[in-house]
Structure formats: structure tokens, C-alpha cells
Amino acid sequence: MISDKIILLALEEDLGLGDITSDTIFPPAAQAKAVIRAKEDLVLCGLPVARQVFELVDPSVTFTPLKQEGDNVQKGEEVLALSGPVLSILKAERTALNFMQRMSGIASASRAYAQVGAKYGVMIVDTRKTQPGMRRLDKYAVRIGGARNHRMTLADSVMIKDNHIAAAGSITKAVAKIKAAIGHTPKVEVEAETPEQVQEAVNAGADIIMFDNMTPAQVAQCKKLVNGRAIIEVSGGITLENLEAYCQAGPDVISSGALTHSVPAKDLSLKIVQYIC
């Protein structure tokens, strides 16, 4: 799922030259049992990454999931049991929790958005507004929550945005250059901010038109201009509070950066439940 490099970097940030507190209190042979509990309701995500964290710190730590990835977990429920050297458990604790808390936050938000979209047959997708270095994990968490992924990288698909249009001279010119260069198989998406741009994108032969920063009423108006000739994506300013209004306007896809760029982490904690000298 993830390169060991990002986990090793996270461990290096936390451990540095060691754990002065735990190394002073506990002998190397001391053993412990611990659990990770949810401190609020959440959609669980990040167990495979947490497993990698503990394995990199100490492969002898026993890692026993008590819930499955994507489960709806209630406040107070245990999600994971651990046993092994107390020093290893404590050294891996914060790094494992940091990954799980962020990923569970994204999965929880994605589940909430996807459930609203499903009522209207609208696909909910993420954006590239992810934590630097964490894109694969952020987008994995979106999928665990039940939403879908937009582009992973700039090479994945064609998306003609405002700066492309400005530099090319028009939507028509930008689409023409793309279609002349890449052939007939890739879909071409165009970002449009006004009804005039929507009409131009349709006339230019765009396969997908992103209605950017429009109100639900404007989305409904511009949908009539498209009239089934392109996939309609809506983006810009989408929140859980206004999501239903945008779904009711009738797009095919809604993309929201809020799934990853500003979602709050969910609260999980690790507790030692048995110490064995």
C-alpha cells in the first residue's frame, strides 16, 4: 500500500535518537498488552499502515485487528489489540495513531458525502488537494469511505483548467490542440465558470465539463446547455451542508477537496492494559 520511506520518515520525526522517557523507565525485556480504542464515532481506516509501523519498529509485536477496514465504529469500541515489548509498542504508538486518525477522518467524511450522493445517483470524488507525500493514503481512505478518486497525478487524464485556457487563447483552441496530439481514446475534461464557457466546451467536443464555483441554480441552468452531450462534474465550494442542493441540480459527478484538504482527524488512543515485567 505504501512505501516504507514515508513511515520511516514519520518514525524518524518522532523517535529521533530514542525515547528518553520509556527507555529510562522500562527494561528491554518488559512485555505489555495494549489496545487502540475509538474516542468518537468513526469509519475505521489505516489498519494496514499501522501494521507496517509496528512491523518496522519491531516485527515481534503481535498485531490483532478487532475491527475491519471500513467498519463503522462507535465511541469506546476497541479496534486493535497489541502485545510485545512495551518499549516497541510505545515507540510506534504516536506514528501509528497519526496515520490512523487522519485516514479515519478522511474515510468518515467520504462515507458521509457518498451516502448523500447515492440518494441522487451522483458520484462523489476527491481532488488532488491532498497532504504532500500522503496522496496514495489520502485517496485510499476516500475509497474506504465509499467515495471515488479523481486524478492521482497530472498524467492520469486531460483536464483543461483556467490557466490552460488563458494561455491557449480559448477553450476551443485548447481542446483542439489536445485532440490533435493525444488521439481519440482519452477523455477530455474542461473547466467552465460561466454559461458561455459551458457552451464553448460543448461545441469544442469536451467529454467532461466541470462546472466550477457555480451555485446549484447555475448548475441546473448550465446542465440544459449540455443536454446530455458531456458528463457534468461540479466542483468548488462543496461542503456537506450544501451537498444535497448540488446533488438535486442533477450533475453526474461532484468533486470536493474538502474530503482531504481540511477534514478533521478522528480521535483514537492506545492504552496499555497489562504490563508484564
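Look up: the structure comes first, before these words.
Residues numbered from 1 in each chain as written. Predicted model: local features only at pLDDT ≥ 70, side-chain atom pairs only at ≥ 80, totals over all residues. Heavy atoms only, no water.

A. Region of interest: the overall build of the chain. What the chain contains, in helices and strands, is ten helices and twelve strands. Each principal axis of the C-alpha distribution contributes one length, and for the chain these read about 75 × 35 × 25 Å. Long-range pairs, those at least 24 residues apart, make up 70% of the contacts in the chain with a sequence separation of at least 6. For the chain, the accessible surface area stands at approximately 13,400 Å², while carbon and sulfur atoms represent 52% of it. Computed over 30 positive and 31 negative side-chain charges, the separation of the two mean positions in the chain equals 4 Å. (Helix = DSSP H or I, 4+ residues; strand = E, 2+ residues; numbered from the N terminus. Contact = heavy atoms within 4.5 Å. Areas by Shrake-Rupley, 256 points an atom, 1.4 Å probe, with all protein chains shown as cover. Lys, Arg positive; Asp, Glu negative; His and termini not counted. Charge placed at Lys NZ, Arg CZ, Asp CG, Glu CD.)

B. Spatial organisation of unusual backbone geometry. Backbone geometry at Asn 213 places phi at a positive 55°, although glycine is not the residue there. Mapped onto the elements of the fold, Asn 213 is located in the loop between strand 9 (208-212) and helix 9 (216-226). One non-glycine residue with positive phi stands out, namely Asn 227, at about 55°. Within the secondary structure layout, Asn 227 lies in the loop between helix 9 and strand 10 (231-235). Asn 227 sits in the exposed class, given a relative accessible area of 61%. (Buried < 20%, exposed > 50% of the residue type's maximum accessible area, 1.4 Å probe, protein only.)

C. Here's a closer look at the side chain of Ser 88. Within the element layout of this structure, Ser 88 appears in helix 4 (residues 86-120). By relative accessible area, which is 11% here, Ser 88 ends up buried. Among the polar contacts made by the side chain of Ser 88, one reaches the side chain of Asp 58 at a distance of 2.7 Å. Apart from the residues lying within four places of it in its own chain, the contact partners of Ser 88 are Val 57, Asp 58 and Val 61. (Polar contact = N/O pair within 3.5 Å; in protein donor to acceptor, adjacent residues only side chain to side chain.)

D. Here's a closer look at the sheet that holds strand 1 (residues 31-38). If you trace the four strands from one edge of the open sheet to the other, you get 3-5-1-12, paired in antiparallel fashion. The sheet is open, and its two edges are formed by strand 3 (62-65) and strand 12 (268-276), each paired on a single side. Direction aside, neighbouring strands of the sheet carry axes that sit 15° apart on average. Along the sheet, helix 3 (residues 47-57) contacts strand 3, strand 5 (78-85) and strand 12; its crossing angle with strand 3, the most-contacted strand, is approximately 170°. (Pairing = 2+ DSSP bridges. Axes fitted to C-alpha atoms, helices over the stretch in contact; angles between N-to-C directions.)

E. Quick peek at the nonpolar core. Of all hydrophobic cores here, the largest spans 79 residues; its most connected members are Leu 82, Ile 209, Phe 211 and Ile 254. Here this core takes 13 residues from helix 4, the largest share from any one element. Setting aside anything within four residues of it in sequence, one finds Phe 211 in contact with Ala 192, Val 198, Val 219, Cys 222, Lys 223, Val 226, Ile 232, Glu 233, Val 234 and Ser 235. (Core = buried A, V, L, I, M, F, W, Y, C linked by side-chain atoms within 4.5 Å.)

F. Representation of the pattern of salt bridges within the structure. Within the structure shown, the criterion is met by eight salt bridges. Of the charged contacts in the structure, one is a salt bridge between Arg 102 and Asp 138, with a shortest N-O distance of 2.8 Å. Separated by 36 residues along the polypeptide, Arg 102 in helix 4 and Asp 138 in helix 5 (residues 135-145) bring together distant segments of the chain. According to the relative accessible area criterion, Arg 102 is buried, its value standing at 18%. The exposure class of Asp 138 is buried, given its relative accessible area of 0%. We note a salt bridge from Asp 126 to Lys 139, for which the minimum N-O separation is 2.7 Å. Here Asp 126, found in the loop between strand 6 (123-125) and helix 5, pairs with Lys 139, found in helix 5; they are 13 residues apart in sequence, far enough to count as distant. Classification of Lys 139 by relative accessible area gives buried; the value is 0%. (Salt bridge = Lys/Arg side-chain N within 4 Å of Asp/Glu carboxyl O.)

Purely geometric stuff here, so don't read any function into it on its own.
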